[in-house]
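Structure assessment
So you can see what is in the structure, the chains are spelled out below.
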Amino acid sequence: MAPTPWISFTTDYGLADGFVAACHGVIARLAPTARVIDVTHLVPPGDVRRGAAVLAQTVPHLPAGVHVAVVDPGVGTARRGIALAAGDGLLVGPDNGLLLDAAAALGGVRAVVELTNPEWLGPRVSATFHGRDVFAPVAARLALGAPLADAGPAVEPDSLVRLPAPLVRPEADGFTAEVLTVDHFGNVQLAAPAALLEPLPAAVQVGHQAAVHGRTFGDAPPGELVVHVDSAGLVAVSVNGGRAADLLAVRPGDRLRVTAA
């Protein structure tokens, strides 16, 4: 791989501790010319599905490079550390399902390796901080152009851990879908594709609550629900000037039924 100046970084580390800075420091020591884009470090702790969704919906808009993601409740266990090639990018992180939706968004997995080469890792690998001691140094070496194959042995893509597919069920008068994410604004993103919303009329129901089938937030009166296609191409439920997640009392993993009114 040719050297790349870009590394993206997505974690659940938060901003109150030095975890993010330590990883930045490892990258800067090994690849001082690399530029790091912090996607977010506010993924809810241990929420692999949320991290996977954020990563997959962001990487298509980032420059080609190395994408490091660490939401890793199984750190230090038998779960593998991996790096994979997908499209024109590389993804680095734990083998817990976190990386695969992003790989699909980049064009699909081309190659995978397990991160076992000690020369690519930190001098001492902590059992609880693989972001600093495994994933950051691997990302830095890949950004410098080191071959993916040198990081460790090849892994069969079919052996990678996959997250359970979220529920999406078309129905005669609408659909039922799992809540995939809730964003900072309280917008509720469903796992349903836009095609399921398209045939529904202007007046719809979300559960037992009335809503507008619209294009954007302002298509509903202030304080009212609007069902629309969000910037990721998925069905979302929002409130004009409010928080749909609070109004509907839902969180990721819950199910919502959207039907014609």
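Note: the structure precedes this text.
These remarks concern the structure in this document. The structure presented is a predicted model; accordingly, all values stated were derived computationally and were not measured.

Ranked by internal contacts, the top residues of the largest apolar core, which has 31 residues, are I7, V66, V68, V92, L115 and L142. Top contributing element to this core by residue count: helix α4 (residues 130–143), with 8 residues. By size, the runner-up hydrophobic cluster in this structure holds 24 residues, among which are L197, V227, A244 and V250.

Along the chain, V182 turns up in strand β8 (residues 174–182). Residues V182 and A236, spaced 54 residues apart in sequence, show a C-alpha to C-alpha distance of 9.4 Å. Apart from residues lying up to four places away in sequence, V182 is in contact with R50, N187, V188, A245, R251 and P252.

Moving on, we come to the packing of aromatic side chains. Taken as a whole and judged by the stated rule, the model has 3 aromatic pairs. Look at Y13 and F129: their rings are 5.7 Å apart centre to centre, the planes differ by 85 degrees, and that puts the pair in the edge-to-face class. Taken together, the residues Y13 in the loop between β1 (6–11) and α1 (19–30) and F129 in the loop between β6 (109–114) and α4 connect sequence positions 116 residues apart. Residue classification places Y13 among the buried positions, given a relative accessible area of 15%. A network of ring pairs unites the aromatic residues Y13, F19 and F129 as a single cluster.

Excluding glycine, most residues fall at negative phi; most peptide bonds, likewise, are trans. Here the phi dihedral of A249 falls at roughly 55 degrees; this positive angle occurs in a residue that is not glycine. Judged by relative accessible area, which is 66%, A249 ranks as exposed.

Taken in spatial order, the 6 strands line up as β2-β1-β3-β5-β4-β6 in an open sheet, and their pairing is mixed. Of all the strands in the sheet, the pair left with one neighbour each is β2 (35–40) and β6. Neighbour-to-neighbour, the strand axes of the sheet open up by a mean angle of 20 degrees, direction not taken into account. As defined by bridge partners, strand β4 (residues 81–86) adjoins strand β5 (residues 89–94) across 6 bridges and the pair is classed as antiparallel. Bridge assignment links A86 to a residue of β5, and that residue is G89. Across the sheet, helix α2 (residues 48–58) lies against β1, β2, β3 (66–70) and β5, angled at about 130 degrees from β2, the strand it touches most. The strands touched by α4 are β1, β3, β4 and β5; relative to β3, the strand with the most contacts, the crossing angle is about 175 degrees.

The subject of this paragraph is the pairing of β5. With 6 of 6 residues buried, β5 lies mostly within the body of the structure. Note that β3 and β5 share 3 bridges and pair parallel. What sits directly across from H67, in β5, is L91. What sits between β4 and β5 in their antiparallel hairpin is a turn of 2 residues, with G87 showing a positive phi close to 55 degrees.

On to the packing of α1 against α4. Contact geometry of α1 with α4 gives a least axis separation of 9 Å together with a crossing angle of 35 degrees. The hand of the α1/α4 crossing is right-handed. Only G131, R132, A136, P137, A140 and R141 of α4 make contact with α1, whose side of the interface consists of A22, C23, V26, I27 and L30. Residues that form the contact of α1 with α4 fall into these classes: 8 nonpolar, 1 polar and 2 charged.

Moving on, we come to α4. For an α-helix the count is 3.6 residues per turn, leaving residues at separations of three or four pointing the same way. If you check α4, its first and last C-alpha atoms are 18 Å apart, about what 14 residues at 1.5 Å a residue would give, namely 20 Å. By the largest-angle criterion, A136 marks the main kink of α4, which is about 30 degrees, and a proline, P137, follows within four residues. Counting buried positions along α4 yields 12 of 14 residues, so the element is predominantly enclosed. Those residues of α4 not exposed but buried are H130, G131, D133, V134, F135, A136, P137, V138, A139, A140, L142 and A143. The inward-facing, buried residues of α4 abut β1, α1, β3, β4 and β5.

Taken as a whole, this structure holds 7 salt bridges when the rule is applied. Close ionic contact of D72 with R79 constitutes a salt bridge, the shortest N to O distance being 2.6 Å. For D72, a relative accessible area of 10% translates into the label buried. Measuring nitrogen to oxygen at the nearest pair gives 2.9 Å for the salt bridge that ties R257 to D173. Of this pair, R257 sits in strand β14 (residues 255–260) while D173 sits in the loop between β7 (168–171) and β8, and the two are 84 residues apart along the sequence. When its relative accessible area of 38% is taken as the criterion, R257 is described as partly exposed. Since its relative accessible area comes to 33%, D173 is described here as partly exposed. When salt bridges that share partners are traced, they join R169, E171, D173 and R257 into one network.

Calculation notes
- Residues numbered from 1 in each chain as written.
- Predicted model: local features only at pLDDT ≥ 70, side-chain atom pairs only at ≥ 80, totals over all residues.
- Heavy atoms only, no water.
- Core = buried A, V, L, I, M, F, W, Y, C linked by side-chain atoms within 4.5 Å.
- Buried < 20%, exposed > 50% of the residue type's maximum accessible area, 1.4 Å probe, protein only.
- Helix = DSSP H or I, 4+ residues; strand = E, 2+ residues; numbered from the N terminus.
- Contact = heavy atoms within 4.5 Å.
- Phe/Tyr/Trp six-rings, centres within 6.5 Å; stacked < 30°, edge-to-face > 60°.
- Pairing = 2+ DSSP bridges.
- Axes fitted to C-alpha atoms, helices over the stretch in contact; angles between N-to-C directions.
- Left-handed = near helix turned anticlockwise from the far one by under 90°.
- Nonpolar A, V, L, I, M, F, W, Y, C, P; charged D, E, K, R; others polar.
- Expected span 1.5 Å × (residues − 1).
- Bend = angle between axes of the 7 residues up to and from the residue.
- Salt bridge = Lys/Arg side-chain N within 4 Å of Asp/Glu carboxyl O.

Taken by themselves, the reported measurements are silent on function.
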